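# Summary of structural features
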Amino acid sequence: MLLTMKTFVSLAGIFLFVCLIGACIGTCGCMLFVQATHLVAGYTSSVSFSKLFLPCLFFSVSISAVVSCIFMITYTIRHPQHGIARFISFTVLMGLIWMVILPVCLYVADVYMPDTASRILQPPSKNYFRPDGDGIYFYSKIENVSKTGTGLYIDLTGFTGVPGGVIPIENAPLNLESALPFSDVLIRDSLKIPSFLEKILQFVVDSIKLATAAVHSGWRFWLPWLSAGFAFWSLLGVRRISRWRLLNCFFVIMFFTGICIINSFYLAGWDGQVFHAMTIPVWAMNCIIGTVTGIIGILLAIFRQDPNVEHIE
């Protein structure tokens, strides 16, 4: 029992350390991102940093809690003794993360997120040149009530039949969704990031939205997310595939990334159809991955001594 408690405290320390670092970095990044999505050139932001601190902190902790499983497993690769105590401690911590910490963090973050921090489509400011589609708009007058604008349209591609032509516009409907997820195309274009980082960010944002909705809907809707937790928990079996500890760390990270990618396909709209023969829902896919990976770990534990221990000896 004492050995198990020592192992639990060690892994819990890794978890708290990762959450602390993730909270510091993630909170700052989250606050800046939310602020940027509500900025409109020429206007002050409608969201204050003080109102964003608490929800961004809890969102960051929830993401850090998920990522922490990688660091806890790699810690057991570096300190591989006491297999049973390690298994029990990691299982308890993963259960706390996915059944308590994540739902609580997502619920609190959503409750304390100020109303103005939700996506509000604001009309653009006047006297700015804004690229949109095949040309550039310049609004000299904006009607906030009717969401229309008066000014000039510069045709760059010949969309209207006159390339480079300047066309007066009056009470034209504003395309408020052209800059999504930002409020202004000028802010969006100035904060352009590489496409692969944009996909990762979009995956995180979509995951948080769906997970938050599941938390508010009840435990029955949280079960598919628990299946992802089961898949991540099973990565403990991957830690002993190779005789090289560095390669074991690589396998853990690779499998973790693979689980995230597969779940991102579902978030992107994949129905789970495999070889046009069957359709596997997301919870079943996660359970299959977790079961296969767990069985591999059990077989390795039964028929082969932990190679990480052999490496130390």
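This text goes with the structure placed above it.
Attention here is on the structure that accompanies the text. Small disclaimer: the values here were computed from a predicted structure and weren't measured. (Residues numbered from 1 in each chain as written. Predicted model: local features only at pLDDT ≥ 70, side-chain atom pairs only at ≥ 80, totals over all residues. Heavy atoms only, no water.)

### A word on the packing of aromatic side chains
One pass over the structure, following the stated rule, counts 11 aromatic pairs. Members of the aromatic cluster, joined through ring pairs, are Phe87, Phe230 and Trp233. (Phe/Tyr/Trp six-rings, centres within 6.5 Å; stacked < 30°, edge-to-face > 60°.)

### Side note on the nonpolar core
Among the nonpolar cores identified, the biggest contains 47 residues, and Met72, Phe90, Met94, Ile97, Trp98, Trp222 and Phe232 are the most heavily contacted of them. Those elements that provide at least two residues to this core are α1 (2–37), α2 (49–78), α3 (83–112), α5 (195–217), α6 (219–233), α7 (245–267) and α8 (282–303). With 10 residues, α2 is the single largest residue contributor to this core. In contact with Met94, other than residues within four places in its own chain, are Cys69, Met72, Gly229, Phe232 and Trp233. (Core = buried A, V, L, I, M, F, W, Y, C linked by side-chain atoms within 4.5 Å. Buried < 20%, exposed > 50% of the residue type's maximum accessible area, 1.4 Å probe, protein only. Helix = DSSP H or I, 4+ residues; strand = E, 2+ residues; numbered from the N terminus. Contact = heavy atoms within 4.5 Å.)

### Let's talk about unusual backbone geometry
Phi at Asn127 takes a positive value of approximately 65 degrees, unusual for a residue other than glycine. Within the element layout of this structure, Asn127 appears in the loop between α3 and β1 (129–132). Judged by its relative accessible area of 47%, Asn127 falls in the partly exposed class. Backbone geometry at Asn171 places phi at a positive 50 degrees, although glycine is not the residue there.

### A look at the environment of Ile154
As for its position among the elements, Ile154 is in strand β3 (residues 148–155). C-alpha of Ile154 to C-alpha of Lys6: the two residues are 148 residues apart in sequence and 69 Å apart in space. Setting aside chain neighbours within four positions, we find Ile154 in contact with Phe129, Gly135, Ile136, Gly165 and Val166.

### A look at the sheet that holds strand β2 (residues 135–143)
Sheets are built from strands that pair by backbone hydrogen bonding, the pairs being arranged parallel or antiparallel. An order of β1-β2-β3-β4 is seen for the four strands of this open sheet, with the pairing classed as antiparallel. In this open sheet, the two edge strands, each paired with only one partner strand, are β1 and β4 (166–173). Looking at each pair of strands side by side, their axes are set apart by 35 degrees on average, direction ignored. In this structure, β1 lies alongside β2, joined through four bridges in antiparallel fashion. Within β2, the position partnered with Arg130 by the bridge is Tyr137. (Pairing = 2+ DSSP bridges. Axes fitted to C-alpha atoms, helices over the stretch in contact; angles between N-to-C directions.)

### Some thoughts on the side chain of Thr76
As for its placement among the helices and strands, Thr76 is situated in helix α2. Exposure remark for Thr76: the relative accessible area of 2% places this residue in the buried category. Apart from residues lying up to four places away in sequence, Thr76 is in contact with Leu11, Arg86, Leu236 and Arg239.

### A look at α3
Relative to the 44 Å expected for 30 residues at 1.5 Å per residue, α3 spans 41 Å between its end C-alpha atoms, a close match to the ideal helical length. At Ile97, α3 shows its maximal bend, which comes to roughly 40 degrees. (Expected span 1.5 Å × (residues − 1). Bend = angle between axes of the 7 residues up to and from the residue.)

### Brief notes about the pairing of β3
The element β3 is extensively covered by neighbouring structure, given that six of its eight residues are classed as buried. Relative to β3, β2 runs antiparallel, the two sharing eight bridges. Bridge pairing links Tyr139 to Gly151 in β3. In this antiparallel pair of consecutive strands, β2 and β3, the connection spans four residues, and Lys147 shows a positive phi of 55 degrees. Two strands pair when backbone bridges link them, and β3 and β4 are joined in this way by six bridges, in the antiparallel orientation. Within the sheet, the bridge partner assigned to Thr148 lies in β4 and is Pro173.

### Thoughts on the packing of α2 against α3
Each packed pair of helices is defined by two parameters, the angle between the axes and the distance between the axes. At a minimum axis distance of 9 Å, the contact between α2 and α3 shows a crossing angle of 165 degrees. With respect to their mutual orientation, α2 and α3 come out roughly antiparallel. Where α2 crosses over α3, the two elements pack in a sense that is left-handed. Along the lines of polarity and charge, the residues of the contact of α2 with α3 split into 22 nonpolar, three polar and three charged. (Parallel < 35°, antiparallel > 145°, perpendicular 65-115°, else oblique. Left-handed = near helix turned anticlockwise from the far one by under 90°. Nonpolar A, V, L, I, M, F, W, Y, C, P; charged D, E, K, R; others polar.)

### A look at a nonpolar patch on the surface
A grouping of Ile84, Phe87, Ile88, Val92, Leu96, Met99, Val100, Val104 and Trp219 is seen on the molecular surface, where their side chains present a nonpolar patch of about 840 Å² in accessible area. No other element matches the eight residues that α3 contributes to the nonpolar patch. Mapped onto the secondary structure, Phe87 falls in helix α3. Residue Phe87 is classed as partly exposed on the basis of its relative accessible area of 40%. (Patch = residues over 30% accessible without salt bridge, like charges linked within 9 Å, V, L, I, M, F, W, Y side chains within 5 Å. Areas by Shrake-Rupley, 256 points an atom, 1.4 Å probe, with all protein chains shown as cover. Salt bridge = Lys/Arg side-chain N within 4 Å of Asp/Glu carboxyl O.)

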